[in-house]
Amino acid sequence: MNAAAWICLLLPLAGALAITLAGERVSRRGAGYLSTATTAAAFVAAIVAFADMLSKPPAARPHATTSWTWLSAGRYHFGLTLLTDQLSVFMMLIVSGVGALIVAYSIGYMDREDEERRFFAYMSLFVFSMLLLVQGGNLLLLLAGWGMVGLSSYLLIGFYQERESAVRAAKKAFVMNAVGDATMALALFLLIQHTGRLDYGGVFAASPHGGAIANLIALGLLGGAVAKSAQIPLHTWLPDAMEGPTPVSALIHAATMVTAGVYLIVRTHPLFENAYVVEDLAAGLGAATLVMAGLIALVQVDIKRVIAYSTMSQIGYMFVGAGVGAYPNAMFHLMTHAFFKALLFLAAGIAIHALAGEQDIRRMTGLGRTMPRTRLAFLAGSLALVGIPPFAGFFSKDSILAATLDRGWFGAILFACGLAGTFLTGLYTFRLFFVVFGREGDAHPHLHGDAEGPFSMVSTVAVLAVLSVVGGWIQFAPLWTPLTTWLAPVARPISEATSWEEAASSAAAFALGLAGIWVAYAAYAARTVRVPAALPLLEKKFYWDELYDLVFYRPADLVSRALGRFFEQPVVAGSIGEVTQGFRVGAGEVSRAQNGLVRSYALALAAGVAVLAVVFLSVR
Amino acid sequence: MHGPDVAWYLVLAALLFVTGALGVLVRRSPLIILLSVEIMLNGANLALIAFARRLGHEDGQVFAIAVMAIAASEVVVGLGLIVAMGRRHVELDVDKLRTLRG
Amino acid sequence: MANVIVWIVWCGAAFACIASALAVVSFSNPFFSALALIGNLASLAVLYLLLGGEFVAAGQVLVYGGAVMVMFLFVIAYLGDRTQEAPWAGGPSWQAVGTVLAAGAILAEVIVALALTTGGHLKHEAHIPRSFGTPASIGRLFLTDHLLAFEVTSIVLLVAAVGGVVLGSHARTLEDDARA
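These numbers come from a predicted model, not from an experiment.

Reading the values: the criteria
Residues numbered from 1 in each chain as written. Chains lettered and ligands numbered in written order. Predicted model: local features only at pLDDT ≥ 70, side-chain atom pairs only at ≥ 80, totals over all residues. Helix = DSSP H or I, 4+ residues; strand = E, 2+ residues; numbered from the N terminus. Buried ≥ 20, exposed ≤ 12 C-beta atoms within 10 Å, placed from the backbone. Contact = placed C-beta atoms within 7 Å. Nonpolar A, V, L, I, M, F, W, Y, C, P; charged D, E, K, R; others polar. Core = buried A, V, L, I, M, F, W, Y, C linked by C-beta atoms within 7 Å. Domains from an automatic or database assignment. Pairing = 2+ DSSP bridges. Axes fitted to C-alpha atoms, helices over the stretch in contact; angles between N-to-C directions. Parallel < 35°, antiparallel > 145°, perpendicular 65-115°, else oblique. Left-handed = near helix turned anticlockwise from the far one by under 90°. Expected span 1.5 Å × (residues − 1). Bend = angle between axes of the 7 residues up to and from the residue.

Looking at the overall build of chain A
Logical step 1: Check the secondary structure of chain A and you find 25 helices and two strands.
Logical step 2: Burial status across chain A gives 52% buried among its 620 residues.
Logical step 3: Considering only contacts in chain A between residues 6 or more positions apart, those separated by 24 or more positions represent 81%.

As structure tokens, this is what we get:
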């Protein structure tokens, strides 16, 4: 059974290596097929693992296999351990399933690109890294996967290497993630110091309960989660990451990598439960992010950036869910979000591809007429995102909102933020829908004839659209909760909503979502309400980039320049010149002793004899 | 008969040796240098014979005779070199012979 | 009485020795230097006699003075004026200063070594038999205890003789070498 888990993990790596080593011997399309095939096979392996797990009783389901001891230092031993339990199988299915769909989509999207093989190698590398992250049996492997997904993200954001904006965005993403990695590493150091182990089985039991150390550990892990999931304050990299190709945005920055932070919190939830303050902090950050991102999304004019801020906002929901302890709810929303957010990105990608790279929504007009099937897919994704029943988002998002009511006054604030977010979601999503896929407007000059795209793109979008509709039907709290039951042994929720709370929050959210859609319709479709001019605050994304520039970048630039001028140039660079000069002068002086005169050499002999005589006299 | 102790002879020998060394290091003509080397050897001989007297063995004197023979051979070769140099009209100045210069 | 005579002879010989040594290194004319060396050898022979080395003294005069110095004088006469030079001139500036310092240092060290190591040990001379330093006893030593030195020395002499002949033969000039 664990062979299935290992196969699932290693197949994408094999694919990446094969594409890399084959080089020009594999055709561009061939690289795409290879990558898709390995990811799909990984999905099949995940299903096998899942089926095998279903056949076992719940207590026997977690299964850890260690292939060998990776690190052994003194009394610390860390193995290459894969843990296959309910949570990791859940994530494996999502990562490999949605990943396979998106990689298949990219065959069509990246067709005729110059560097397709590199793209597919990176995509397979990413899938492997993400699987390593979710399958790792100890925090060390999780950190390894964490770093590798960061690397894959950097490589793929900066895929269009000639574009300077892409390169800068890749650097920004990597540096911000490095901050998170650093805090995570510090947390791991503390854990090793206080418990001596990092495997999931042991470290949670052995870690300190409460106190400063527990808070620091949880804070460090939260730092990593915040960076990877683009929450306040480490969120500014995500909109810029849209410089990468659209499938990358779909896979990495919507469906899987950015949700790794949520997975981390759920996986290490005992550590967070030892530090309630930090858990509340996580929920608070999530709530703040979801409102802020929703506001910013209202004024963005790049279609991908709107969806990116939407992602940020939805992950805020997941953080709220994880922060209040409703872990299965957060994971449920993670799954449905993967479906409909990928769908939105891929549908937008069809439009972008058809318009030869146009991403400004003010110029992407009239697509409702020319691309009806894409319009339908986008509509499905939008309805799921807003949370309209029977689409997927309704079931997952509302259960999170309901769980917050369990938490006193703090939970009430979270609930209010969540409801406000629902309204904003409806507004910005349907603003996008009505503007881009509206019926009116002239056709874009670049519109191709065969507008809807090749079979690979259309089919995968269709699959995702179906999933966005039915994906939520797996759980309808509180009546039918197979997902919670499945995940409970490894992620026992500490906040459960009552049926009354569930019903009330569902009703409120539904109503607000509809209100948002109605306002968007009035403003952008029917044009009965005038759209006010965008606030500079919102257009400048709440000035976060400017703040970081002022606080971090400028002082660092100043210091480095000063160091360069006052220290590096005169001392370091100058000293090199001086060292060589000194050698030259010294050699010149020493070479004067070699004048070729026998007499001088004889004098040297005599002087040596004089010295030696003293030595012999003094040393008896 | 008495007379000065062996120590006096040794100091004299040291003086001879140093004078010879001075000549070797200061003069430029190879002939004079060779003569100075002879003085150094004679200083050593004097020391040997003084110690032979002090210790009552004649080994020092035997050694001194051997030194004399070796000095003679060395002078033969050295003078042969100088004559050869003179025949080829090479200037007899040690400072001018600089091919050892690095 | 005999003591005083010995002292007087010693002082005279020592003075002559040092004076002639200084003369050797200071004259600019090598001919005079060679003559001064002959004087040095003679005074040294006197000192050897005082130390009981009869055979050595005779050998010194005969071999050194009679053979080696004659050779020197021959060569100096052969080379003629080419060998004149001023003693302290030439060479790098530090040569003269360094030389005096080094020589002075060695002298001082030897004297210090003598004083430190021997103390009063040199005051007593060994009692020597009448046959001390006679040709017979020297010869006996050469042929018994120091036979190896004897043989090796004779080989060295042979080599030097051959070398002298080689160096002196075939008056080839530089033009001869260039034509060859």
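Regarding the overall build of chain B
Logical step 1: Helix and strand content of chain B: three helices and zero strands.
Logical step 2: Counting helices and strands in the order they occur from the N terminus, chain B gives α-α-α.
Logical step 3: Looking at chain B as a whole, 59% of its 102 residues qualify as buried.
Logical step 4: In chain B, the share of contacts with a sequence separation of at least 24, taken over all contacts with a separation of at least 6, comes to 48%.

Some thoughts on the interface of chain B and chain A
Logical step 1: Counting residues at the interface gives nine residues for chain B and nine residues for chain A.
Logical step 2: Counted by class, the side of chain B that touches chain A contains five nonpolar, one polar and three charged residues.

Here's the deal with the nonpolar core
Logical step 1: Counting 198 residues, the largest nonpolar core has C8(A), L131(A), A342(A) and L343(A) as its most contacted members.
Logical step 2: In terms of residues, this core owes the most to one element, helix α15 (residues 327-354) of chain A, which gives 19 residues.
Logical step 3: Split by domain, this core shows at least three residues from each of two domains, domain 1 (1-169 + 235-261) and domain 2 (317-539) of chain A.
Logical step 4: Discounting chain neighbours no more than four positions away, the residues touching L343(A) are A377(A), A380(A), G381(A), V461(A), L464(A), A465(A) and S468(A).
Logical step 5: Counting 73 residues, the second largest nonpolar core, distinct from the first, contains L12(B), A14(B), I82(B) and L50(C).

A few points about the interface of chain C and chain B
Logical step 1: Contacts between chain C and chain B engage 78 residues on the former and 66 residues on the latter.
Logical step 2: Every element with two or more residues in the side of chain C that touches chain B is listed here: α1 (2-26), α2 (30-50), α3 (54-79), α4 (93-118), α5 (135-143) and α6 (147-168) of chain C.
Logical step 3: When grouped by side-chain class, the residues that make up the side of chain C that touches chain B number 53 nonpolar, 21 polar and four charged.

Observations concerning the pairing of strand β2 (residues 76-84) of chain A
Within a regular strand, the side chains alternate between the two sheet faces.
All names here are of chain A.
Logical step 1: Of the strand pairs in this sheet, strand β1 (residues 63-73) and β2 are connected by eight bridges, and their pairing is antiparallel. When the sheet's bridge partners are listed, T69 is paired in β2 with G79.
Logical step 2: If you look at the hairpin formed by β1 and β2, you'll find two residues sitting between the two strands, and G74 has a positive phi there, around 65°.

Observations concerning the packing of helix α3 (residues 86-109) of chain A against helix α10 (residues 246-255) of chain A
All names here are of chain A.
Logical step 1: In the contact formed by α3 and α10, the axes pass within 9 Å of each other and the chain directions differ by 165°. Considering the angle they form, α3 stands roughly antiparallel to α10. Our pair here, α3 against α10, has a crossing hand that is right-handed. Mapping the contact onto sequence places V98, G99, I102, Y105, S106 and Y109 in α3 and T246, P247, A250, L251 and A255 in α10.

Considering the environment of V70(C)
Logical step 1: Mapping V70(C) onto the fold places it in helix α3.
Logical step 2: Put simply, V70(C) and A34(C) are 36 residues apart on the chain and 9.2 Å apart in space, counted from C-alpha to C-alpha.

So, helix α1 (residues 2-22) of chain A
Residue and element names in this part refer to chain A.
Logical step 1: For α1, spanning 21 residues, the distance from its first C-alpha to its last is 29 Å, which sits close to the expected 30 Å at 1.5 Å a residue.
Logical step 2: Of all the bends in α1, the greatest reaches close to 30° and is centred on L10; the proline P12 follows between one and four positions later.
Logical step 3: Along α1, the residues that are buried comprise A4, A5, C8, L9, L11, P12, G15, A16 and I19.
Logical step 4: Looking one or two residues past α1, G23 carries a phi angle of roughly 60°, positive in sign.

Here's the deal with unusual backbone geometry
Logical step 1: Here the residue pair I232(A) and P233(A) is connected by a cis peptide bond, since its omega of 0° sits within 30 degrees of zero.
Logical step 2: Of note, P233(A) is situated in the loop between α8 (212-228) and α9 (237-240).
Logical step 3: Look at the link from P389(A) to P390(A): it is a cis peptide, with omega at 0°.
Logical step 4: Relative to the helices and strands, P390(A) is located in the loop between α17 (372-386) and α18 (392-404).
Logical step 5: Despite not being glycine, Y543(A) has its phi angle at roughly 60°, a positive value.
Logical step 6: Along the chain, Y543(A) falls in the loop between α23 (536-539) and α24 (544-591).
Logical step 7: Its identity as a non-glycine residue notwithstanding, H89(B) has a phi of 60°, on the positive side.
Logical step 8: You can see H89(B) is positioned in the segment after α3 (59-87).

What to know about the packing of helix α1 (residues 6-26) of chain B against α1(C)
Describing two packed helices takes the angle between their axes plus the distance from one axis to the other.
Logical step 1: Their axes nearest at 9 Å, the elements α1(B) and α1(C) cross at an angle of 5°. The pairing of α1(B) with α1(C) is recorded here as roughly parallel in orientation. Here L12(B), L15(B), L16(B), T19(B), G20(B), L22(B), G23(B) and V26(B) of α1(B) come into contact with α1(C), specifically with A14(C), C17(C), I18(C), A21(C), L22(C), V24(C) and V25(C).
Logical step 2: Of the residues in the contact of α1(B) with α1(C), the class split is twelve nonpolar, three polar and no charged.

Some words on α8(A)
Residue and element names in this part refer to chain A.
Logical step 1: Under the 1.5 Å per step criterion, the end-to-end length of α8 is 24 Å for 17 residues, consistent within 8% with the ideal 24 Å.
Logical step 2: Within α8, the full set of buried residues consists of A214, I217, A218, G220, L221, L222, G223, G224, A225, V226, A227 and K228.
Logical step 3: Looking at the buried positions of α8, the neighbouring elements they touch are α5 (139-157), α6 (164-195), α11 (260-267), α12 (269-273) and α13 (276-297).
Logical step 4: Positive phi shows up at A230, right after α8, with a value of about 55°.

Overview of the environment of I352(A)
All names here are of chain A.
Logical step 1: Along the chain, I352 turns up in helix α15.
Logical step 2: The exposure class assigned to I352 is partly exposed, which follows from the 19 C-beta atoms found within 10 Å.
Logical step 3: With 49 residues separating them along the chain, I352 and I303 place their C-alpha atoms 9.1 Å apart.
Logical step 4: For I352, the residues in contact, after removing those within four places along its chain, are T246, G357, E358 and Q359.

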